[in-house]
Amino acid sequence: AAKEQGRNGFSFFTREMQTQSQNRLHLANDLREALANNQLQVWFQPIAEVATGEVVKAEALLRWVHPDRGMVSPAQFVPIAEENGCIHDIGNWVFQRSALMAKQWSDLFPSVGGDAPSISVNLSPRQFTRGDFSDHWAAYINEIGLQTESIVVEITEGLLLSDASDILGKLENLRAAGMQVALDDFGTGYSAMAYLKKFPIDYLKIDRSFVRDIDADANDRAIAEAIVAMAHKLGIKVVAEGVETEAQRDILASVGCEYLQGYLYAKPMPEDEFLAYVSHRAAPRVKVASL
Ligand code: C2E
Ligand code: MG
Ligand code: MG
Ligand code: MG
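Residues numbered from 1 in each chain as written. Chains lettered and ligands numbered in written order. Predicted model: local features only at pLDDT ≥ 70, side-chain atom pairs only at ≥ 80, totals over all residues. Heavy atoms only, no water.

Labelled according to an unreviewed UniProt entry, the protein appears under the name Diguanylate cyclase, originating from Novimethylophilus kurashikiensis.

Listed below in structure tokens is the structure:
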């Protein structure tokens, strides 16, 4: 019986794997057309500043409305785009939509919470293999008359530890052009502290996995507290991701996070909705903490 079970288990496993890889292949083909066929959208999620209670930043998040499958998660298709190389065109397009949105927002409100509003764009490691992207981005920012600080580039720990060539030089180029750098999903990767001092980083984003149970789990709270203390000593500001409850918000504010992002404030929304969101509330204010 054990043998039979093993055999069944095995055949089930391969069938499953086959379906998965066929699925991937279909998606990879469809993705090549998705940008040209206007199936991709950039949504924006507000980020609130603890000190002022204002929405001062936002993160650009890709959405794919597939004609047959409906919404496909970026967690599913971004790795495919990386693999087949589409990520360069898609990533440049996400940047462009984000820069145009930042321009409209900062034309409405040149300063929110004391700074120009900024929008952060996620960057895949593969995009870094083309070294000249930051020159093109900087040129575009100039062309539309945007302040360079209005673009934040989000990278992950994996990139910093990869063997991609001259990451430091490329990040310094971005910085020299005036753009800012955020380290995304902090705490989920290797969290080698040495790279925080080696690479030019303006923001650390505490991953949602540490935020989720922070009101019940003393260890998660200690981790968040330690991350914030370390970041501040290095002159880095902290954003907490995935803030869903007031209890989480209060703890994160009390340990010194400067910025909060999550469903408690707003979910990611399409371009027109986001523009209405920031314009209809002349000085968008959200309750940040009950301290
Ligand atoms: P990420 O950069 O860590 O983005 C944050 C994710 O957390 C987003 O998922 C966002 O919708 C979700 N989120 C925000 N607040 C909450 C909350 O309170 N609760 C919960 N449960 N989730 C929250 P999303 O949009 O599905 O994106 C997933 C990942 O896909 C992103 O993680 C990022 O790694 C990648 N991605 C998205 N857009 C792009 C892009 O334009 N380029 C690249 N290279 N990657 C992207
Ligand atoms: Mg991100
Ligand atoms: Mg993140
Ligand atoms: Mg994350």
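This part takes up the overall build of the protein. Each helix and strand in the protein was counted, giving 11 helices and nine strands. Here the protein has a C-alpha radius of gyration of 20 Å; the compact-globule value for 291 residues is 19 Å, and the two agree. Considered along the principal axes of its C-alpha atoms, the protein spans approximately 65 × 50 × 40 Å. Buried positions account for 47% of the 291 residues belonging to the protein. Contacts in the protein between residues at least 24 apart in sequence constitute 68% of all its contacts with a sequence separation of at least 6. (Helix = DSSP H or I, 4+ residues; strand = E, 2+ residues; numbered from the N terminus. Rg over C-alpha atoms; globule rule 2.2 N^0.38 Å. Buried < 20%, exposed > 50% of the residue type's maximum accessible area, 1.4 Å probe, protein only. Contact = heavy atoms within 4.5 Å.)

The next subject is the side chain of glutamate 59. Its place among the elements puts glutamate 59 in strand β2 (residues 55-66). Here lysine 205 takes part through its side chain, which lies 3.0 Å from a polar atom of the side chain of glutamate 59. Leaving out residues up to four positions away in the same chain, glutamate 59 has contacts with Trp43, Phe44, Gln45, Ile47, Ser120, Asn122, Glu154, Asp184, Lys205 and Gln261. (Polar contact = N/O pair within 3.5 Å; in protein donor to acceptor, adjacent residues only side chain to side chain.)

Let us now look at the coordination of the magnesium ion (ligand 3). Around a metal, the perfect tetrahedron of four donors has angles of 109.5 degrees, and the perfect octahedron of six donors has angles of 90 or 180 degrees. Surrounding the magnesium ion (ligand 3) are the protein donor atoms Asp184 (OD), Asp185 (OD) and Glu241 (OE), at 1.6 to 2.7 Å. Between consecutive donor residues of the magnesium ion (ligand 3), the sequence gaps follow D-D-x55-E. Between the magnesium ion (ligand 3) and the magnesium ion (ligand 2), a spacing of 3.5 Å is present, and a bridge between the two is formed by aspartate 184. On the criterion of sequence distance, the pair formed by aspartate 184 in strand β6 (residues 180-186) and glutamate 241 in the loop between β8 (237-240) and α10 (246-255) is long-range, its members being 57 residues apart. (Donors = N, O, S within 2.8 Å, 3.2 Å for Na, K, Ca; no water.)

All right, on to the packing of aromatic side chains then. Under the criterion given, the structure shown has nine aromatic pairs. With 5.4 Å between their ring centres and 85° between their planes, tryptophan 105 and phenylalanine 274 make a pair best called edge-to-face. Placement of the pair is tryptophan 105 in helix α3 (residues 87-108) and phenylalanine 274 in helix α11 (residues 271-280), with a sequence separation of 169 residues. When its relative accessible area of 0% is taken as the criterion, phenylalanine 274 is described as buried. If you follow lysine 267 out to its NZ or CZ, it ends over the ring of tyrosine 263, 4.7 Å from the centre. (Phe/Tyr/Trp six-rings, centres within 6.5 Å; stacked < 30°, edge-to-face > 60°. Lys NZ or Arg CZ within 6 Å of the ring centre and 35° of its normal.)

It is worth spelling out unusual backbone geometry at this point. The residue asparagine 38 is not glycine, and still its phi comes out positive at about 60°. For asparagine 38, the position within the fold is in the loop between α1 (2-34) and β1 (40-49). When its relative accessible area of 67% is taken as the criterion, asparagine 38 is described as exposed. The residue aspartate 185 is not glycine, and still its phi comes out positive at about 55°. Summarising the element assignment, aspartate 185 is placed in strand β6. Overall, the relative accessible area of 26% leaves aspartate 185 in the partly exposed class.

Around ligand 1, the surrounding shell holds 21 residues, and the nearest of these are Arg63, Ser124, Asp184, Glu244 and Tyr263. Measuring from an oxygen atom of ligand 1, one finds a backbone N or O atom of tyrosine 263 at 2.8 Å. Compared with its free state, where it exposes 810 Å², ligand 1 has 83% of that area covered by protein. Broken down by secondary-structure element, the contributors of at least two residues to the shell around ligand 1 are β2, α2 (74-84) and β6. Per-class residue counts for the shell around ligand 1 are eight nonpolar, five polar and eight charged. (Near = heavy atom within 4 Å. Areas by Shrake-Rupley, 256 points an atom, 1.4 Å probe, with all protein chains shown as cover. Nonpolar A, V, L, I, M, F, W, Y, C, P; charged D, E, K, R; others polar.)

Let us look at the environment of isoleucine 87. One can find isoleucine 87 in helix α3. Sequence separation of isoleucine 87 and leucine 159 is 72 residues, and the distance between their C-alpha atoms is 15 Å. Discounting chain neighbours no more than four positions away, the residues touching isoleucine 87 are Val78, Ala81, Glu82, Asn92, Ser124, Arg126 and Gln127.

Our next topic: α11. Listed as buried for α11 are Phe274, Tyr277 and Val278. For α11, the angular spread of the buried residues around the axis is 85°, confining them to a single face. In this structure, α11 carries Asp272 and His280 as exposed residues pointing more than 90 degrees from its buried face. On its buried face, α11 is in contact with β1, β2 and α3. (Arc of directions from axis to C-beta.)

With that out of the way, let us pick up the confidence of the model for the protein. Per-residue pLDDT for the protein has a mean of 89; in total, 91% of the residues score no lower than 70. The secondary-structure element of the protein with the lowest mean pLDDT is α1, recorded at 73, while strand β4 (residues 118-122) shows the highest, at 98. For this predicted complex, the interface confidence comes out at an ipTM of 0.98, alongside a pTM of 0.92. (pLDDT = per-residue confidence, 0-100.)

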